[in-house]
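Notes for the structure review
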Amino acid sequence: LKGVLDEDTAAEGLHTLGYSAPGTEYVYLHLSLPGRELSDISILSGYVHLQKMDLSSNKINDLSCISHMPYLIEVNASKNELTTYFNFKAPKNLKEADFSHNQIPKMHDLSAYHSLTKLLLDFNEIEEIRGLEKCHSLTQLSLSHNRLTAIRGLENLPIKFLNLSFNQIEKVNGLKSLKILQRVDLSNNKINSLQGLEEHDLLEVINLEDNQVAELSELKWIEDLPLLRVLNLLKNPLQEQKGYWLSAIFMLLQVTELDLKKVSVEEKALSILNIQMMRPEHHLPQPPKISSYSLSYVPTCYIINSGTLPLADEPYPMLVILGPVGGGKRQISLKICREFKNFFRFG
């Protein structure tokens, strides 16, 4: 019958021989059957030893056979005709699930999926993030091209990579408790403020292309992010402001890529000079000339014995941090630059 998976077709997709999870048999562990126009895969209920399964680009609307796969680790059911997901008994060790490009209208309670680390739900019809409260292993979540209007339902999750692009989100809220967030994609939404992105000390990449951010002052919310390296603000109204490029670089000297262009050291220096010329009253502390200094060795540390200051009460923005590899010098430097940002900046 057309669309019904039979044993011969299933055998064509089996690969990767290995020991079963209990270690008692030598079995096929992986199944790949993409693009076969399958609609009925109920025969897979008997394939209990599968650990990875790719059923993408078919016409499947029922995955209940997964209830009989207790050892399944990864499933790819993208580009099918699913209107729901996880409508099966939870495999205890399921880690990665791809249900993108389906017709799923809402998210369900995933409390039983404690091992889930990666969940892809792009290109569906989801209006609200929900059901993830007990997913304490989830590090990657993607919900691009849905119908989300707000960010919620992510409290205290260990998410590192978050993609909510191509939705209808207006405010960056609901991210405060994501303390280990590293990359966030909020492009193609309706966001007009960066408030809500502050205090994410591990955030490295922010994509806000094609939003409604209009004021340069909004960059104040992310200027203290110590690890921020990549920022995309293309197709936002603030790009039209005079002096946008150098002003943005000056406020975010730690960034190495802005609007898909590399930021050079020369441009960082020019941004500082530009600000001084535009705002003479904006005084940047100048490092004093050092005439001499010496280092003495002691069994546990190095000590700077002397330095020459111009005046005793003037700021002295120079610091030498010495120590063994892995001793935490980088973390100390980040903290200093964050807490004393008027004197120390990243080059």
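Within every chain, residues take consecutive numbers counted from 1 along the sequence as written. The predicted origin of the model limits local features to residues at a pLDDT of at least 70 and limits the giving and counting of side-chain atom pairs to 80 or more, whereas totals for whole chains, interfaces and linings rest on all residues. In computing side-chain properties, one takes all heavy atoms of the structure into account and sets aside hydrogens as well as water.

1. Some words on the pattern of salt bridges
Cut-off, in case you're wondering: Put simply, a salt bridge is a Lys or Arg side-chain nitrogen that is within 4 Å of an Asp or Glu carboxyl oxygen. Strands are runs of DSSP state E lasting at least 2 residues, helices are runs of H or I lasting at least 4, and numbering of each runs from the N terminus. When accessible area is computed with a 1.4 Å probe and restricted to protein chains, residues below 20% of their type maximum are described as buried, those above 50% as exposed, and intermediate ones as partly exposed.
A complete count under the given rule lists 3 salt bridges for this structure. One salt bridge in this structure joins Glu-12 and Arg-36, with 3.1 Å as the shortest N-O distance. Of this pair, Glu-12 sits in helix α1 (residues 7-13) while Arg-36 sits in the loop between β2 (26-32) and β3 (52-54), placing them 24 residues apart in sequence. Judged by its relative accessible area of 54%, Glu-12 falls in the exposed class. Note that Glu-74 is salt-bridged to Lys-52, the shortest N-O span being 3.7 Å. Residue Glu-74 is found in strand β4 (residues 74-76), and its partner Lys-52 is found in strand β3; the two are separated by 22 residues along the sequence. The class of Glu-74 is partly exposed, set by a relative accessible area of 25%. On the basis of relative accessible area, Lys-52 is assigned to the partly exposed category, the value being 33%.

2. Quick notes on the nonpolar core
This is how the line gets drawn: For the purposes of this section, nonpolar cores are sets of buried Ala, Val, Leu, Ile, Met, Phe, Trp, Tyr and Cys residues that join through side-chain atoms within 4.5 Å. Residues count as neighbours in contact if any of their non-hydrogen atoms are within 4.5 Å of one another.
In terms of nonpolar packing, the biggest core is built from 80 residues, with Phe-86, Phe-99, Leu-119, Leu-132 and Leu-154 touching the most fellow members. With 5 residues, the top contributor of residues to this core is helix α2 (residues 244-251). Ignoring any residue separated from it by four or fewer positions in sequence, one finds Leu-119 in contact with Phe-86, Ala-97, Phe-99, Leu-110, Leu-132, Leu-138, Gln-140, Leu-141 and Ser-142.

3. Details of α2
Each α-helix turn comprises 3.6 residues. Residues three or four places apart therefore point the same way. Within α2, 7 of the 8 residues are buried, leaving the element largely enclosed by the surrounding structure. Looking only at α2, the buried set comprises Tyr-244, Leu-246, Ser-247, Ala-248, Ile-249, Phe-250 and Met-251.

4. Considering the side chain of Asn-146
Under the convention used in this document: Pairing of N or O atoms within 3.5 Å defines a polar contact, subject to two protein rules: one partner must be a possible hydrogen donor and the other a possible acceptor, and residues neighboring in sequence count only if both atoms are side-chain atoms.
Within the secondary structure, Asn-146 sits in the loop between β7 (140-142) and β8 (161-163). Here the side chain of Asn-146 touches Leu-121 through a polar contact of 3.0 Å, landing on its backbone oxygen. Within polar-contact distance, the side chain of Asn-146 engages the backbone nitrogen of Ile-126 at 3.0 Å. Sequence-distant contacts of Asn-146, that is, excluding residues within four places in its chain, are made with Leu-121, Asp-122, Phe-123, Asn-124, Glu-125, Ile-126, Phe-166 and Asn-167.

5. With respect to the pairing of β2
Our working definition: At least two bridges found by DSSP between two strands are what make those strands a pair.
With 5 bridges joining them, strand β1 (residues 14-19) and β2 adopt antiparallel strand pairing. Directly across from Leu-17, in β2, lies its bridge partner Tyr-28. Following β1, the chain reverses through 6 residues before pairing antiparallel with β2; Gly-23 in that reversal takes a positive phi of roughly 80°. Of the pairings in the sheet, the one linking β2 to β3 comprises 3 bridges and is parallel in character.

6. Some points on helix α4 (residues 329-339)
For the record, the criterion: This arc describes the spread of directions from the helix axis toward the C-beta atoms.
By the burial criterion, the buried members of α4 are Leu-334, Ile-336 and Cys-337. Buried positions in α4, seen along its axis, are confined to an arc of 165° and lie on one side of it.

7. A few points about a nonpolar patch on the surface
Heads up, the rule is: For patches, a residue must show more than 30% relative accessible area and have no salt bridge; joins then use 9 Å for like charges and 5 Å for nonpolar side chains, namely Val, Leu, Ile, Met, Phe, Trp and Tyr. Note on areas: these come from Shrake-Rupley sampling with a 1.4 Å probe, and a residue is covered only by the protein chains present in the view.
Residues Leu-17, Tyr-19, Tyr-26 and Tyr-28 make up a contiguous nonpolar surface patch of roughly 490 Å² in combined accessible area. Its location among the elements puts Tyr-28 in strand β2.

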